[in-house]
Amino acid sequence: MTASAPITQDLVTIPRKLPDGPVNLVGLTRSQLRDTLLQAGTPEKQVKMRVNQIWQWIYQWGVRDFDSMTNLAKTYRVQLAERFVIDVPEVVSRQVSADGTRKYLVRIAGGHEVEVVYIPEADRGTLCISSQVGCTLTCSFCHTGTQKLVRNLTAGEIVGQIMLARDDLGEWPEQGAPKDETRLLSNIVLMGMGEPLYNFEGVRNAMKIAMDPEGISLSRRRITLSTSGVVPEIAKTAEEIGCLLAVSFHATTDEVRDKLVPINKRWNIETLLNALREYPRLSNSERITFEYVMLKDVNDTDADARRLVKLIQGIPAKINLIPFNEWPGAPYQRSDWSRIEAFADIIYKAGYASPIRTPRGEDIMAACGQLKSATERARKSRAQIAAETGLG
Ligand code: SAH
Ligand code: SF4
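Residues numbered from 1 in each chain as written. Chains lettered and ligands numbered in written order. Predicted model: local features only at pLDDT ≥ 70, side-chain atom pairs only at ≥ 80, totals over all residues. Heavy atoms only, no water.

**Q** Please explain the overall build of the chain as it appears in this structure.
**A** Of regular secondary structure, the chain possesses eleven helices and 13 strands. Sorting the 392 residues of the chain into buried and exposed places 53% on the buried side. Across the chain, contacts joining residues at least 24 apart in sequence account for 65% of those joining residues at least 6 apart. (Helix = DSSP H or I, 4+ residues; strand = E, 2+ residues; numbered from the N terminus. Buried < 20%, exposed > 50% of the residue type's maximum accessible area, 1.4 Å probe, protein only. Contact = heavy atoms within 4.5 Å.)

**Q** What exactly am I supposed to notice about the site of ligand 2 here?
**A** Around ligand 2, a shell composed of Cys135, Leu137, Cys139, Cys142, Gly145, Gly194 and Ser228 is seen. When the residues that make up the shell around ligand 2 are grouped by side-chain class, the tally is four nonpolar, three polar and no charged. (Near = heavy atom within 4 Å. Nonpolar A, V, L, I, M, F, W, Y, C, P; charged D, E, K, R; others polar.)

**Q** Where do I start with the site of ligand 1 in this structure?
**A** Inspection of the region around ligand 1 gives 20 residues, with Gly194, Ser226, Ser248, His250 and Asn325 positioned closest. Contact between ligand 1 and His250: an oxygen atom at 2.6 Å from a side-chain N or O atom of the residue. In the model, an oxygen atom of ligand 1 is placed 3.1 Å from a nitrogen or oxygen of the Glu291 side chain. With the chains in place, 95% of the 530 Å² that ligand 1 exposes on its own is no longer accessible. Of all the elements in the fold, those that place two or more residues in the shell around ligand 1 are strand E10 (223-227) and strand E12 (288-294). (Polar contact = N/O pair within 3.5 Å; in protein donor to acceptor, adjacent residues only side chain to side chain. Areas by Shrake-Rupley, 256 points an atom, 1.4 Å probe, with all protein chains shown as cover.)

**Q** What is the right way to read the packing of aromatic side chains from this model?
**A** Any two aromatic rings considered together are summarised by their centre-to-centre distance and by the angle between their planes. Here the structure, examined in full by the defined rule, presents four aromatic pairs. Here the aromatic rings of Trp55 and Tyr59 are separated by 4.7 Å at their centres, their planes lie at 55°, and the arrangement is tilted. Residue Trp55 and its partner Tyr59 are both found in helix H2 (residues 44-60); the two are separated by four residues, about one turn of the helix. With relative accessibility at 1%, the residue Trp55 sits in the buried group. (Phe/Tyr/Trp six-rings, centres within 6.5 Å; stacked < 30°, edge-to-face > 60°.)

**Q** When you look at H2 in this model, what are you seeing that I'm missing?
**A** Three- or four-residue spacings in an α-helix give side chains the same orientation, since the helix completes a turn every 3.6 residues. Taking 1.5 Å as the rise per residue, H2 with 17 residues should run 24 Å; its terminal C-alpha atoms sit 24 Å apart, in good agreement. Along its length, H2 reaches its greatest deviation from straightness, about 25°, at Arg50. Three or more residues of H2 are buried, namely Val47, Arg50, Val51, Gln53, Ile54, Trp55, Trp57, Ile58, Tyr59 and Gln60. In this structure, the buried residues of H2 make contact with helix H1 (30-39), helix H3 (74-83), helix H4 (155-169) and helix H5 (200-211). Following H2 by one or two positions, Gly62 has its phi on the positive side, about 75°. (Expected span 1.5 Å × (residues − 1). Bend = angle between axes of the 7 residues up to and from the residue.)

**Q** Explain the sheet that holds strand E11 (residues 244-248) here, please?
**A** Picture the strands of a sheet paired through backbone hydrogen bonds; they go either parallel or antiparallel. Strands sit in the order E3-E4-E5-E6-E9-E10-E11-E12-E13 across an open sheet of nine strands; the sheet is mixed. Taken across any chain shown, the strands that pair with only one partner, and hence form the sheet edges, are strand E3 (90-96) and strand E13 (317-323). Strand-to-strand, the axes of this sheet are offset by a mean angle of 20°, without reference to chain direction. With six bridges joining them, E3 and strand E4 (residues 102-108) adopt antiparallel strand pairing. By the bridge assignment, Ser93 is partnered in E4 with Leu105. (Pairing = 2+ DSSP bridges. Axes fitted to C-alpha atoms, helices over the stretch in contact; angles between N-to-C directions.)

**Q** How should I be thinking about the environment of Asn264 in this particular structure?
**A** Tracing the chain through its elements places Asn264 in the loop between helix H7 (254-260) and helix H8 (269-277). C-alpha separation for the pair Asn264 and Phe249, spaced 15 residues apart in sequence, amounts to 9.6 Å. Apart from the residues within four sequence positions on either side, Asn264 is in contact with Asp254, Arg257, Asp258 and Ile269. A distance of 2.9 Å separates the side chain of Asn264 from the side chain of Arg257, its partner in a polar contact.

**Q** Explain the nonpolar core to me, please; I cannot follow it from the model alone.
**A** One recurring pattern in soluble globular proteins: nonpolar side chains tend to sit buried together. Counting residues in hydrophobic clusters, the biggest one holds 106 residues, and the most contacted among them are Phe141, Met207, Leu276 and Phe290. With eight residues, the single largest contributor to this core is H4. Each of domain 1 (23-85) and domain 2 (90-389) accounts for three or more of the residues forming this core. Within the second largest apolar cluster, six residues are counted, among which are Val117, Ile119, Val189 and Ala246. (Core = buried A, V, L, I, M, F, W, Y, C linked by side-chain atoms within 4.5 Å. Domains from an automatic or database assignment.)

**Q** In this structure, what is going on with the side chain of Gln53? I would like to understand it.
**A** Assignment of secondary structure puts Gln53 in helix H2. Using a relative accessible area of 13% as the deciding quantity, one classes Gln53 as buried. A polar contact of 2.7 Å, which involves the side chain of Gln53, links it to the side chain of Arg50.

**Q** Help me understand H1 in this model?
**A** The complete set of buried residues in H1 reads Leu33, Thr36 and Leu37. Take H1 and look down its axis: the buried residues cluster within an arc of 95°, on one side only. In this structure, the buried residues of H1 make contact with H2, H3 and strand E2 (84-85). With its phi angle positive at about 100°, Gly41 sits one or two positions after the end of H1. (Arc of directions from axis to C-beta.)

**Q** Looking at this model, I keep getting lost on unusual backbone geometry. Mind explaining?
**A** With the exception of glycine, most residues fall at negative phi, and the peptide bonds are largely trans. The phi dihedral of Ser217 falls on the positive side, at around 50°, and the residue is not glycine. Of note, Ser217 is situated in the loop between H5 and E10. Located in the positive-phi region is His250, a residue other than glycine, with phi close to 70°. Relative to the helices and strands, His250 is located in the loop between E11 and H7.

**Q** For this particular structure, what's the right way to read the pattern of salt bridges?
**A** Any two side chains of opposite charge can pair if their charged atoms end up close together. For the structure on display, the rule yields 20 salt bridges. A salt bridge links Arg64 to Asp167; the nearest nitrogen and oxygen atoms lie 2.8 Å apart. Here Arg64 is found in the loop between H2 and H3, whereas its partner Asp167 is found in helix H4, with 103 residues between them in sequence. Looking at Arg64, the relative accessible area reads 25%, which means it is partly exposed. On the basis of relative accessible area, Asp167 is assigned to the partly exposed category, the value being 36%. Among the salt bridges present, the one from Glu291 reaches Arg357, with a minimum N-O distance of 3.3 Å. Taken together, the residues span a long stretch of sequence, with Glu291 in strand E12 and Arg357 in the loop between helix H10 (337-349) and helix H11 (373-389) at a distance of 66 residues. When salt bridges with common partners are traced through the structure, they connect Glu90, Arg107 and Glu113 into a single cluster. (Salt bridge = Lys/Arg side-chain N within 4 Å of Asp/Glu carboxyl O.)

Dropping the structure here:
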């Protein structure tokens, strides 16, 4: 059933409660869950215990129906089922790349779609999650930036991406089994669609749920939030989320960064670097990742590499070089491999780790900055087919 309340078309998050539908418990913080259970008639003296029980069922065991919550009285389970649901976004399609990368297209309220990517590696499994449908920013090399923002994701839709990936990976623990520390899904990067710091509350609440030790229990050090440089929110990220930070740096002069990452016109390189120097969690063990997309003849000279090293002097950092991932109509080309290596070498010799991010899942368009484009293409071809067959 569709909600009769308007689904907002701007940055306002849609209400959790549909006018005549049940409330989704996924995405509520512990205190919101407490208030919700109290409002639904849970006695005050029981509420703390009920929050703990329901929380564990949802986030530790991955249960999606109240009837399975066997440590709750039968009548209480019925009451809960009348008012609430435990909903995660629906997986519309799942593609698996030759290299094992999995890309999920998921549908959220209002019929919008976002993509979630799972990247298995030898020592970890990283889930790249989205924070918005589209993005308001317009970085010129990023395909997401060419799409009109529809809305922020709710906390439930953000943590729901982790839950649906665990469903697919079969990774909810057996009840009673000892805690398994080797996990298929061990790390989260907020590097999918959208600018996470323009959806601060949703992202913070979702990450708090993901970090809660009684549930998904991911360490804050296994979560990396990538921002294009929303300076006023950077310190808050350390204080209120506590995760690691990555910054889409991409250029060494304001002139070039203005073009690549237009938010630079608001907060320029110097302002951004000052905020990073003051990042409250900065240390050698918790370095800031500088993401740097390698664009042929745009930002990839030796002089750029030297300037970069000079600019970040004094900041515990690693530089993640990302070979540009092309998308249909993109106005840039990937730097040659030898250029990328020469660039990496200068940075490495200056004392910084400079890994080159191997493009993953290219055959399914799952690489950075490509999200959504395959879906849009698929849509177009469906439309073309309809036109050709006269079924449009
Ligand atoms: N909005 C956030 C997080 C999402 S983008 C941000 O900008 O940081 C995740 C990373 O992929 C960013 O560093 C982004 O600049 C990079 N990226 C975007 N499009 C890309 C492309 N086509 N090729 C390579 N990297 C890209
Ligand atoms: Fe948005 Fe990040 Fe893409 Fe820029 S790089 S348009 S901030 S998603």
